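# Structural overview for review
Take a look at the letters that make up each chain.
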2 protein chains.
Amino acid sequence: MDTVAHRGSIMRAEIIAVGTELTSGQKLDTNSAWLSRRLLELGVMPCWHTTLPDDLEIIVTALDLSRQRADLVVITGGLGPTLDDLTREALARLAGVELVLHEPSLRHIEDIFARRGRPMPERNRLQAMLPRGAEALPNPLGTAPGIWMTVPRTPCACPREEHPLNLGLAKPRTTLIALPGVPSELRTMWQTIVAPRLQQQLHSPLVFRERVLHCFGLGESAIEAKLGDLTKRGRNPEVGITASDATISLRLVAQAPTDAEAQALLDADEAFIRQQLGEVVFGSGDDELQHAVARLLERTQLTLATAESVTGGLVASRLTQVPGISRFFRGGIVAYQTTSKASVLGIPAHLLEQYGAVSAPVAEAMAQRVRQLFQADLAISTTGVAGPDPDERGQPVGLVYVGLAWTNGVRCCEVRWFGERLEIQSRAAKTALNELRLHLLRMLPATR
Amino acid sequence: MDTVAHRGSIMRAEIIAVGTELTSGQKLDTNSAWLSRRLLELGVMPCWHTTLPDDLEIIVTALDLSRQRADLVVITGGLGPTLDDLTREALARLAGVELVLHEPSLRHIEDIFARRGRPMPERNRLQAMLPRGAEALPNPLGTAPGIWMTVPRTPCACPREEHPLNLGLAKPRTTLIALPGVPSELRTMWQTIVAPRLQQQLHSPLVFRERVLHCFGLGESAIEAKLGDLTKRGRNPEVGITASDATISLRLVAQAPTDAEAQALLDADEAFIRQQLGEVVFGSGDDELQHAVARLLERTQLTLATAESVTGGLVASRLTQVPGISRFFRGGIVAYQTTSKASVLGIPAHLLEQYGAVSAPVAEAMAQRVRQLFQADLAISTTGVAGPDPDERGQPVGLVYVGLAWTNGVRCCEVRWFGERLEIQSRAAKTALNELRLHLLRMLPATR
C-alpha cells in the first residue's frame, strides 16, 4: 500500500484478539482475518493484528499502545462470564473509569436464561458491567453485549520524536470496539450494528477494492519477472504475490474515491496480467484448479475418468469437491499397489517390468485403460514417488508422471517436485488438474 | 497459567508474522499457533502474537517494541526474494547495521536452482543477504536461510516507570529469530536447528509438556461430561477441549520442575481419559484416523481396498498420506456416477433400481465387489449425499452409508452429518476410517 496513505486520510486499524487459548496455540484465530476483510471493504486499513493472553496487565498495556498507533481498535474475545474474561476490566482501566451495571444488558441476559429454562448463574451478571461512559452493543445471539467507546489518543511520551508512527496522528480520540469471540455472534453484530455505524461515521475519502488472481505452472519469481513494475511498492493498485502449495496468487488492492474507479483500476491491471501470463492464470477469488477444470468440462461437455497412483485419490477427491461435477466426472481407480495396476487397471505386465510403475509408458497406459473402463472422453493419470524413500527401482522422491488420454491420442508429462510426502502428493494432483485444464482449453471453440 | 510465572524467571516470547496477505485477511496465519505450542514445550511463555503488513516502518517499529517487552522474538515470513519481503531489511535497520552477502547461503540457493535445472533469477541473491553480525540458519527445504541475531534491549525511554512490562526484564539482550513463512520449511528448521539450540540456552526453571489425545465418535459436550473435573481451569495438567471437523482433541499441558515429573502428570491424566473414553480415543500428537488405521493394518497384516462415491477418493487419499501404506492398501475405485457403480464396480442393476445409489444394500455391495476386484482382506465403501442438493430420489444432504466387507461378512452403518459439502465429504471419510479402525481393533489378538 502507498505508505503515505497509511497516515493522514486513510484510517488505520488494529485488531486485538484476546485469549490464552490463542496465544498458547491451542486454537486458531479466524476472527482477525475475517475482520480485516470487512475493514478493508469500509476503506479502513488493518495494519496490526495482536493476540494476547488472558492477563490483565498485558491487555491494558497493549490497548494503551493500540490507541496511540491506530485510529480504530477492534477487540474480540474476553467478554465471557468467567474469571479469565478480562476485556471489560482492561477497557475500564485504560479509560481510567469504573465498571457500572448496564440494566438493559442485564435484562437481556436474564431473558436468555429464562428462555432456556435455566436460572442465570450469578457470574453472568458480570457480562452486563461496562466501563462508565461506554455504550453497549446488543448481542442478538448471545449473552455478552459488545462495547463501543472512545478514549483520548494520548501522544506517546516517548522522547524519540522522529518515531514514524507519531506523524500525522492528529485525531484527538481513538475508537475502541469490543465484540464477543464466538464467530457467529461477532459476525452478526459486525454486519448488523458495527459496520453500518462505522460506514456512517467514516466518510472515508477512499474505498479499497481487492481482486485475487491464481496462477499455476510458473514459479513466483518467474511470474514476478513477467509483470515488470506491477509489483513495485507504492503502486495503485498494489499487487502482492503469494505462493501456497505451488499455486501462485496475485492480490490486487486498488484505492480510489469510488467503487467504479477502483474497479476500473483493477480491470486494467487484470487485463495486463492476463496478457503477460496467458494460460498460467487459472482463476480468481476462491477458485482452485478443480473449479477451472469443472468450468471447462461444462463448456466442452466432455466426460472424465482418473487413474491414480502417487496421488492416491486426491485428484478425484478434489474434483468431487465441486458441486455438480457428477455430470462430467464418471469416476476413477486408485491403483496404489503395482499388482493392482495390472489386475484391476489391466496395465500389461511387460510394461511394468520393462519400465517400472513410475514411468511415462505406464502413466500413458493408465490413462488409456481407465478411459476405456469408464467409457469417458478424457482420462488423466498419475504415477510417481511421494517418499519419504525412493521407489524399489531407485526412482527419486518427487518424480511424477502425469498421463492424459483422449479420443485420438495420449501423452505424458514428467515433473519433479520437492518437499514432504503430502506436498508432493498435493502438487502432483495439481499438476494433473492443470494438464487437464490446458488440454481442455485447447479444445474450446476458437471464439474464446 | 500462573500469572506470576509470566515474569521474572519464565522467558516471555513474542511471535511476529509478516505479510500483508495476513493482515488483510487473505490468508490465515497458522504458523504462530504452531510456534506457540513449540515454545511452551521449551518452557517459554508466548505472550504476544503480532501480525504485520509488508511495510518497513511498521515492521521496524513493531520489532523495536518486541525487543523491549519480550525475551525472545520469533519472526515468520518476509524472507522471500520479492520486493515486498522486508524482514531482512527491517532486522538490519533495527540493529543499525547493513545487509551483507552470506556466501554459503548464496551457494545453497544456486545449488537448488541448479538441481532443478533452472537459472537462478538475480533477485534470489537477495535471500542470501543478512544483517551484519547475524547468523544464517540453513534451510534444507528452500532457498531462504533463517536469521538468528541478538540486539540490545534498549530500556524503554518512556517516563512512566511503573509500566508493568519493565519489571523483571533484566537481561541485556533480546534474541530474534527469523524463519521462512512456508510451514514445511519453518517446521523443519525449528525442529532440527532452532529448538535444540534454544533448549541448550534456556535453563528454564519449569518445563511445560503437552500431550494431545484425539477422539472420534462422540461429541464435545458428551466427552467433557465423561471427564468430570478434568477440564476445570487452574488444574495441572490443564486440559482443553477443541473440536475440528468432528475430531475432538484433548490438549493436556503439564508444568513441573522436570520433564519426568511433567510426563508423570500427563501419564496419570491420559490413563484416566483412556479409561473413561475407551475406543473413542484413536491417537495422539499429529495422529489422524488414517494413522490409527495404518498401525492396525500393520498389526493385523490385513490388506484393504476402498470403493467411494460420496467421498470421491478422500478415504483412499487420506490412507495414502501414510508412508509405507502400500504394503496393505491395494487401491480403490471411485464410482462417482451411478452408471460407473454398475459398469466398473459391477453393482447389480436391480439393487441400484430398487434401493437407489444412496442406500445400505448398495454400500454393502460396493464393499463386497471392490474387495473381490482387488483381492483384499477388507474393504470399506461410502455412498451418500454431499449436497448442496438432495439426490434425485430425495435422500437428504448429509446422509451417508458406510459399508464394510471382510472374509466372512459384510455390514453397513448409516450416519447423518450436517454442514457444507466439503465438511460432509470429510466427515463421511472420517466415519469410514473410524468404522475400519473399530473393526480392526476387534480383530487384534486378545492380548492387547
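How each quantity is defined
Residues numbered from 1 in each chain as written. Chains lettered and ligands numbered in written order. Predicted model: local features only at pLDDT ≥ 70, side-chain atom pairs only at ≥ 80, totals over all residues. Heavy atoms only, no water. Axes fitted to C-alpha atoms, helices over the stretch in contact; angles between N-to-C directions. Helix = DSSP H or I, 4+ residues; strand = E, 2+ residues; numbered from the N terminus. Parallel < 35°, antiparallel > 145°, perpendicular 65-115°, else oblique. Left-handed = near helix turned anticlockwise from the far one by under 90°. Contact = heavy atoms within 4.5 Å. Nonpolar A, V, L, I, M, F, W, Y, C, P; charged D, E, K, R; others polar. Phe/Tyr/Trp six-rings, centres within 6.5 Å; stacked < 30°, edge-to-face > 60°. Buried < 20%, exposed > 50% of the residue type's maximum accessible area, 1.4 Å probe, protein only. Lys NZ or Arg CZ within 6 Å of the ring centre and 35° of its normal. Pairing = 2+ DSSP bridges. Expected span 1.5 Å × (residues − 1). Right-handed = clockwise from strand over helix to strand, strands pointing away. Domains from an automatic or database assignment. Buried area = accessible area lost by both parts, 1.4 Å probe. Salt bridge = Lys/Arg side-chain N within 4 Å of Asp/Glu carboxyl O.

## A closer look at the packing of helix H10 (residues 289-300) of chain A against helix H15 (residues 421-443) of chain A
All names here are of chain A. The geometry of H10 relative to H15 is characterised by a closest axis approach of 9 Å and an angle of 30° between their N-to-C directions. Viewed along their axes, H10 and H15 adopt a mutual orientation that is roughly parallel. Crossing of H10 over H15 shows left-handed handedness. Counted together, Leu289, Gln290, Ala292, Val293, Leu296, Leu297 and Thr300 of H10 and Lys430, Leu433, Asn434, Leu436, Arg437, Leu440, Leu441 and Met443 of H15 form the full contact between these two elements. Of the residues belonging to the contact of H10 with H15, the class tally is 10 nonpolar, three polar and two charged.

## Structural notes on the environment of Leu65 of chain B
By secondary structure assignment, the location of Leu65 of chain B is in helix H3 (residues 56-69). Residues Leu65 of chain B and Asp391 of chain B lie 326 residues apart in sequence; the distance between their C-alpha atoms is 57 Å. Leu65 of chain B has contacts with Leu65 and Arg69 of chain A, leaving out every residue within four places of it along the chain.

## Topic: the packing of aromatic side chains
Evaluated as defined, the whole model comprises four aromatic pairs over all chains. An angle of 45° between the planes, with centres 5.8 Å apart, marks the rings of Phe329 of chain A and Tyr336 of chain B as tilted. Of this pair, Phe329 of chain A sits in strand E14 (residues 329-335) while Tyr336 of chain B sits in the loop between strand E14 (329-335) and helix H11 (338-343), on two different chains. Here the aromatic rings of Phe216 of chain B and Trp417 of chain B are separated by 6.3 Å at their centres, their planes lie at 50°, and the arrangement is tilted. Separated by 201 residues along the polypeptide, Phe216 of chain B in strand E9 (residues 207-216) and Trp417 of chain B in the loop between strand E17 (409-416) and helix H14 (421-443) bring together distant segments of the chain. Trp417 of chain B matches Phe216 of chain B in its accessibility class, with the two residues each being buried. When the ring centre of Trp34 of chain B is taken as origin, the NZ or CZ atom of Arg38 of chain B, which lies over that ring, is 4.9 Å away. Positioned over the ring face of Trp148 of chain B is Arg197 of chain B, at 4.0 Å from the centre of the ring.

## Some remarks on the sheet that holds strand E11 (residues 247-256) of chain A
Residues and elements named next belong to chain A. Strand order across the open sheet formed by four strands is E10-E11-E9-E12, with antiparallel pairing between neighbours. Two strands in the sheet have a free side with no partner beyond their single neighbour: strand E10 (238-244) and strand E12 (281-284). On average, each strand axis in the sheet is inclined to that of its neighbour by 25°, with strand direction left out of account.

## What about the sheet that holds strand E3 (residues 72-76) of chain A?
The strand order E6(A)-E7(A)-E8(A)-E3(A)-E1(A)-E2(A)-E2(B)-E1(B)-E3(B)-E8(B)-E7(B)-E6(B) describes an open sheet built from 12 strands, whose pairing is mixed. Of all strands in the sheet, those with a lone pairing partner are strand E6 (135-137) of chain A together with strand E6 (135-137) of chain B, marking the two edges. Between one strand axis and the next, the sheet turns through 20° on average, direction left out of account. Pairing of strand E1 (residues 12-18) of chain B with strand E2 (residues 45-52) of chain B, which is carried by seven bridges, proceeds in the parallel orientation. Bridging from a neighbouring strand, Ile16 of chain B pairs with Thr50 of chain B of E2 of chain B. Helix H2 (residues 31-41) of chain B rests against E1, E2 and strand E3 (72-76) of chain B of the sheet, and its axis sits at about 160° to E2 of chain B. Strands in contact with helix H6 (residues 183-202) of chain B are E3, E6, strand E7 (146-152) and strand E8 (173-179) of chain B; relative to E8 of chain B, the strand with the most contacts, it is inclined by about 160°.

## Quick look at H3 of chain B
The end-to-end C-alpha distance of H3 of chain B is 20 Å, a good match for the 20 Å that 14 residues give at a rise of 1.5 Å each. For H3 of chain B, the full list of buried residues reads Leu56, Ile58, Ile59, Val60, Thr61, Ala62, Leu63, Asp64, Ser66, Arg67, Gln68 and Arg69 of chain B.

## Observations concerning unusual backbone geometry
Residue Asn236 of chain A is joined to Pro237 of chain A through a cis peptide bond whose omega torsion reads 0°. Relative to the helices and strands, Pro237 of chain A is located in the loop between helix H8 (220-226) and E10. Of note, the amide linkage connecting Gly387 of chain A to Pro388 of chain A takes the cis form, showing an omega dihedral of 10°. You can see Pro388 of chain A is positioned in the loop between strand E15 (378-384) and strand E16 (399-406). With phi around 55°, Asp245 of chain A is a residue other than glycine that occupies positive phi space. For Asp245 of chain A, the location among the structural elements is in the loop between E10 and E11. The phi angle at Ala246 of chain B is positive, at roughly 75°, despite the residue not being glycine. Inspection of the secondary structure assignment puts Ala246 of chain B in the loop between strand E10 (238-244) and strand E11 (247-256).

## Here's the deal with the pairing of E14 of chain A
The side chains of a regular strand alternate, first on one face of the sheet and then on the other. All names here are of chain A. Across the seven residues that make up E14, a large majority, six, are buried. Two strands pair when backbone bridges link them, and strand E13 (residues 304-308) and E14 are joined in this way by five bridges, in the parallel orientation. Of the residues in E14, the one forming a bridge with Glu308 is Val334. Handedness of the E13-helix H11 (residues 314-319)-E14 crossover: right-handed.

## Some remarks on the domain arrangement of chain A
Entries for chain A in the domain assignment read domain 1 (3-202), domain 2 (207-284) and domain 3 (289-443). Taking only C-alpha atoms, the centre of domain 1 of chain A and the centre of domain 3 of chain A are 50 Å apart.

## Digging into the interface of chain A and chain B
Between chain A and chain B, the contact holds 92 residues from the first and 92 residues from the second. Counting the surface lost from both chain A and chain B, the interface buries some 7,100 Å², and carbon and sulfur atoms represent 55% of this. In terms of surface lost to chain B, no three residues of chain A exceed Gln26, Arg233 and Gln337 of chain A, which account for 8% of the buried area on that side. Remark: the boundary between chain A and chain B carries one salt bridge. The closest approach of N and O atoms between Arg123 of chain B and Glu224 of chain A, which form a salt bridge, is 2.7 Å.

## Some thoughts on H10 of chain A
Helical geometry: 3.6 residues make up each α-helical turn, so side chains three or four residues apart lie on a common side. Residue and element names in this part refer to chain A. Compared with an ideal rise of 1.5 Å per residue, which puts 12 residues at 16 Å, H10 spans 17 Å between its outermost C-alpha atoms and is within 8% of the ideal. Taken together, the buried positions of H10 are occupied by Leu289, Gln290, Ala292, Val293, Ala294, Leu296, Leu297 and Thr300. The inward-facing, buried residues of H10 abut strand E9 (207-216), E12, E13, H11 and H15. Looking one or two residues beyond H10, the residue adopting positive phi is Gln301, at roughly 60°.

## Digging into the pairing of E15 of chain A
All names here are of chain A. Most of E15 is tucked away: seven of the seven residues are buried. With burial as the criterion, each face of E15 is covered, one bearing Leu378, Ile380, Thr382 and Gly384 and the other bearing Ala379, Ser381 and Thr383. Here E13 pairs with E15 via five bridges, running parallel. In the sheet register, Leu304 faces E15, and the bridge partner there is Leu378. Alignment of E15 against E16, held across six bridges, turns out to be antiparallel.

## Quick word on the pattern of salt bridges
All names here are of chain B. This structure, assessed with the given rule, holds 38 salt bridges over all chains. Across the pair Arg274 and Glu270 runs a salt bridge whose closest N-O atoms are separated by 2.8 Å. With Arg274 and Glu270 both in helix H8 (residues 259-277) and four residues apart, the pair spans about one turn of that helix. Residue class for Glu270 comes out buried when judged on its relative accessible area of 15%.

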